[in-house]
Amino acid sequence: MTLDSTDLFGALFDRRVVPVLVPMPAPRPYSYAVPEGMAVEAGSIVQVPLGPRLVVGVVWDGLDDGTVDPTKLKEIEKVFDCPPLTRDMRAFLDWVASYTVTPPGLVARMALRAPTAFDPEPMVEALRLTERRPERMTSARERVLATASDGFSWTRSGLAHAAGVSSGVIDGLAAQGVFETVFMPPPPVVATPDPDFAAPRLEGPQKEAAADLLTAVEERKFSVSLIDGVTGSGKTEVYFEAVAATLRAGKQVLILLPEIALTASFLERFQDRFGAKPAEWHSDLAPRTREKVWRQVTTGQVRVVAGARSALFLPFEDLGLIIVDEEHDPAYKQEDRVFYNARDMAVVRGRIGGFPVVLVSATPSVESRVNGEVGRYRPIHLPTRFGDAALPQLGVVDMRRHPPERGGFLSPVLLNQVGKAIGRGEQALLFLNRRGYAPLTLCRVCGHRFQCPDCSSWLVEHRFRGQIQCHHCGYSERTPEACPECGTLDHLVACGPGVERIAEEVERHFPDARTIVLSSDLMGVKRLRLELEAIARGEADIVIGTQLVAKGHNFPMMTLVGIVDADLGLANGDPRAAERTFQLLSQVTGRAGRTGLKSLGLLQTYQPQHPVMQAIVSGDSDAFYDREIHERERAALPPFGRLASIIVSADARSDAEGHARALRNAAPRVDGISVLGPAEAPLALIRGRHRFRLLVHGRRNSDMQSFLKAMIAGGPKERGSISVQLDVDPQSF
Ligand code: ADP
Ligand code: ZN
């Protein structure tokens, strides 16, 4: 700073002041003073005092409004030695905050990490050969010298390992001055993928699809392509071409996958194609690895990330393509703190960054399908399975005509096919999207039902663990022997099936088969990965699983898929129920017949005429989509109208209801927007909190965000235990 005497007064107060976004639910950035000599710019990641704590924040855009006396401001404590968030990234975070009506600091928090993540990685201590030779030669020493004579530096343990000696041998040589200590940069988390490592020969429709996709991708500007093709049609292979083209252009790539922690096979497949794995990003990474990946993404060392929805908030140095695989998957929606759909926000990020986005699905969401039809997205179709793999033959089992035996849930038709499949040495998958043994337990004598004390839900019996559990809050107790209501012993009955109960039935019928139950409550992610690999190697005959078996896995010997209860997802009143059920069942039946073997998918249902069953069995998804789209259009539901849900929760029911009512009364009058409710939320009680819901419905072009903001601003403050959650574009409505 230069001073001249005429500006003395100004200089005293002319401390530079910048807005800093802190990871808090504040409506806007706070002002901080910049200490003399500190270089900060918009996007710099800094540490600032906030109350009694030091927090990580980002220097934000816009000038300070000058309302605060700069001499009273706190100073920025430190600037981290890492690349600033780019202008595009800042614009993206602002956009997400404003679209989801969330304080920007909470959105920015998703792009930041703990302070330790920003310090440069320590250099690694290594050894390098000097001119000096050992005083006495041994064969072990000779091996070390031969190994280390490649001219590179080695870590102590790496060299000991490579030379096949104990580290004592190395220490001895170092003590004699045969080695000197040097420092090398930390190794990258993953090797660099090579776009030309093993390009496949694309065939038939794949070739056209890839050419079509590349036209869009190589323009290097914003566009959205929607690859729509049956499971096994080679969609992955096609979008890998877009990945390769982007890598050749020197840009980074993000591939979003809904269940990345389970898809080890995806990483291997990527490696087969590109010679190196992508960096993974999901909540099961070790904290140190997360920090490393974060840093190497910001510096551009990592070229490709395969990640869960949160990877969208990684501050890439130079992102050039986002792929959203299984774009219809509900796992892309986060319903916690910041309510956002990663698929939609990926499109926004592409628009802001001016690069292409590719959505991929065998069963696109109705929204994407409509966007494809009206030309907002570029549809790319892959109509048939790749190579000699045929889609499974699909059929319904009418449960009214083929009832299971007493106490069972599997029809004779399905059991017969399971027997045939395993008799041929192939595998069968029985799918039921319900964890545990039974979804409801009741007393045969007094009718008492076991309910969670804190939620409006039944306790689910988990027989393997000897517990009854709440699937909403995790409450559990030992499975009782007597009814707590009437005291009668041994008269409790399990109602309905969960996967554990199906396993019991399967074991009764096929005592010699190798049966395996896959359910997220029975094993952690590591175990699950191993089990999935074992199944792919053929080390199980019958697999019984929840929806985690549905996603992306390739089981070559799987020739039968049985859906235990195809009606399960249709029961609730959600307008999206049919779409979701169609997507899930298509995905599960798609696990069958991934190789040349003939395969079969059977749907057990009490409503064989239901449009979902008809669509799956006939393979005519167009008719199904047309019908769904028509229904949505008629009711002005998304994407033909807009929705937001407001959930008000509180410890006392009357508080929640009263606050919701007051919010409703605070709603401005806007043409084309209406508020429904309040009504009890679909789960009226969770973790002891009572929940009421308001649904805001608007025409397609209505300004939902301004409406919601006006409503919140005009309504009462959140007092005591009351909390309000806004969900723009809710999943269920
Ligand atoms: P989808 O993503 O549509 O389910 P995949 O891309 O997984 O389909 O392809 C299905 C199978 O066909 C995979 O095992 C894949 O390796 C194989 N495959 C697809 N395209 C090719 C190709 N051009 N050359 C060799 N194998 C291919
Ligand atoms: Zn509960």
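Use the structure listed above.
Keep in mind it's a predicted model, so treat the numbers as computed, not measured. (Residues numbered from 1 in each chain as written. Chains lettered and ligands numbered in written order. Predicted model: local features only at pLDDT ≥ 70, side-chain atom pairs only at ≥ 80, totals over all residues. Heavy atoms only, no water.)

Undergrad: So what's going on with the site of ligand 1? Residues and values would help.
TA: Around ligand 1, the structure places 16 residues, and the nearest of them are Gln-206, Gly-232, Lys-235, Thr-236 and Arg-269. At 2.9 Å, a backbone N or O of Arg-201 approaches a nitrogen atom of ligand 1. At 2.7 Å, a side-chain N or O of Arg-269 approaches an oxygen atom of ligand 1. Protein burial of ligand 1: of its 550 Å² of free accessible surface, 76% is covered by the chains. For the shell around ligand 1, the per-class residue count stands at four nonpolar, seven polar and five charged. (Near = heavy atom within 4 Å. Polar contact = N/O pair within 3.5 Å; in protein donor to acceptor, adjacent residues only side chain to side chain. Areas by Shrake-Rupley, 256 points an atom, 1.4 Å probe, with all protein chains shown as cover. Nonpolar A, V, L, I, M, F, W, Y, C, P; charged D, E, K, R; others polar.)

Undergrad: Which residues make up the packing of aromatic side chains, and what values go with them?
TA: This model, assessed by the stated rule, comprises 11 aromatic pairs. Consider the rings of Phe-92 and Phe-313, whose centres lie 5.5 Å apart with planes at 35°: the pair is tilted. Of this pair, Phe-92 sits in helix α2 (residues 87–100) while Phe-313 is found in the loop between β11 (304–307) and β12 (319–325), placing the two residues 221 residues apart along the sequence. Phe-313 sits in the buried class, given a relative accessible area of 1%. Between the aromatic rings of Phe-624 and Tyr-625, the centroid separation amounts to 6.1 Å while the plane-to-plane angle is 70°, which identifies the pairing as edge-to-face. These aromatic residues form a ring-pair network of at least three members: Tyr-239, Phe-240, Phe-266, Phe-270 and Phe-274. In this structure, Arg-290 packs its charged tip against the face of Trp-281, placed 4.6 Å from the ring centre. (Phe/Tyr/Trp six-rings, centres within 6.5 Å; stacked < 30°, edge-to-face > 60°. Helix = DSSP H or I, 4+ residues; strand = E, 2+ residues; numbered from the N terminus. Buried < 20%, exposed > 50% of the residue type's maximum accessible area, 1.4 Å probe, protein only. Lys NZ or Arg CZ within 6 Å of the ring centre and 35° of its normal.)

Undergrad: Please provide a residue-by-residue account of helix α18 (residues 621–634), values included.
TA: Between its first and last C-alpha atoms α18 spans 20 Å; for 14 residues at 1.5 Å apiece the expected length is 20 Å, and the two agree. Three or more residues of α18 are buried, namely Phe-624, Tyr-625, Glu-628, Ile-629 and Arg-632. For α18, the angular spread of buried residues about the axis comes to 125°, placing them on one side. At its buried positions, α18 is contacted by α12 (366–373), α16 (577–589) and α17 (611–618). Sitting at the head of α18, Asp-620 places a side-chain oxygen 3.3 Å from the backbone nitrogen of Asp-622. Phi turns positive one or two residues past the end of α18, at Ala-636, with a value near 55°. (Expected span 1.5 Å × (residues − 1). Arc of directions from axis to C-beta. Contact = heavy atoms within 4.5 Å.)

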